[in-house]
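As a plain string of letters, each chain reads:
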Amino acid sequence: MYARKRLTVSTPATYEIRIQGCLDKNWSDRMDGVTIQVQTSPEGVALTVVTGAFQDQAALAGVLSTLYDLGLPLLSVECLGAAVNNQGQPPPPTAERSS
């Protein structure tokens, strides 16, 4: 059984990161197996949505640093939820990974 848990810097959580530009799906393995989806905004601008479960906020910061190093402007970061089981482990990913 999974329950909501108060978020701390060491809490496993799922995040959605939106960036401007296109990020190739091959970057998924280099960024903790995140799901990468390229979309187009109503204005015709390419956007990439990166979604993944991170062990803690240090892992999230590592992905954000990689995106910064690639020169991709950050649009938003949203915590979709922090959940743990009775052993303190995050739930298994629910979204399919893109290859």
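Residues take numbers from 1 onward in each chain, read along the sequence in its written order. Side-chain atom pairs in this predicted model are given and counted only at pLDDT of 80 or more, local residue features only at pLDDT of at least 70, and totals for whole chains, interfaces and linings cover all residues. Side-chain numbers here rest on the full set of heavy atoms in the structure, without hydrogens or water.

Draft legend 1. Summary view of the pattern of salt bridges. A carboxyl oxygen of Asp or Glu within 4 Å of a side-chain nitrogen of Lys or Arg is what we treat as a salt bridge. Within this structure, the stated rule accounts for one salt bridge. Here R18 and E16 are joined by a salt bridge, their closest N and O atoms 3.4 Å apart. Exposure remark for E16: the relative accessible area of 17% places this residue in the buried category. Classification of residues uses two cut-offs on accessible area relative to the type maximum, computed with a 1.4 Å probe and protein chains only: under 20% is buried, over 50% is exposed, and between them is partly exposed.

Draft legend 2. Quick peek at the pairing of strand β4 (residues 46-54). Put simply, DSSP marks the helices as runs of H or I at least four residues long and the strands as runs of E at least two long, and each gets a number from the N terminus on. Most of β4 is tucked away: seven of the nine residues are buried. Both strand β2 (residues 13-20) and β4 contribute to a ladder of eight bridges, which runs antiparallel. Its bridge partner being in β4, E16 is matched across the sheet by T51. Paired strands, as defined in this entry, are two strands with at least two bridges between them according to DSSP. Pairing of strand β3 (residues 35-40) with β4, which is carried by six bridges, proceeds in the antiparallel orientation. When the sheet's bridge partners are listed, T35 is paired in β4 with T51. Hairpin connection between β3 and β4: a loop of five residues separates the two successive antiparallel strands, and G44 in this loop has a positive phi of roughly 85°.

Draft legend 3. Region of the structure containing the environment of L80. By the secondary structure assignment, L80 is in strand β5 (residues 74-81). In sequence terms L80 and T51 are 29 residues apart; their C-alpha atoms lie 9.2 Å from each other.

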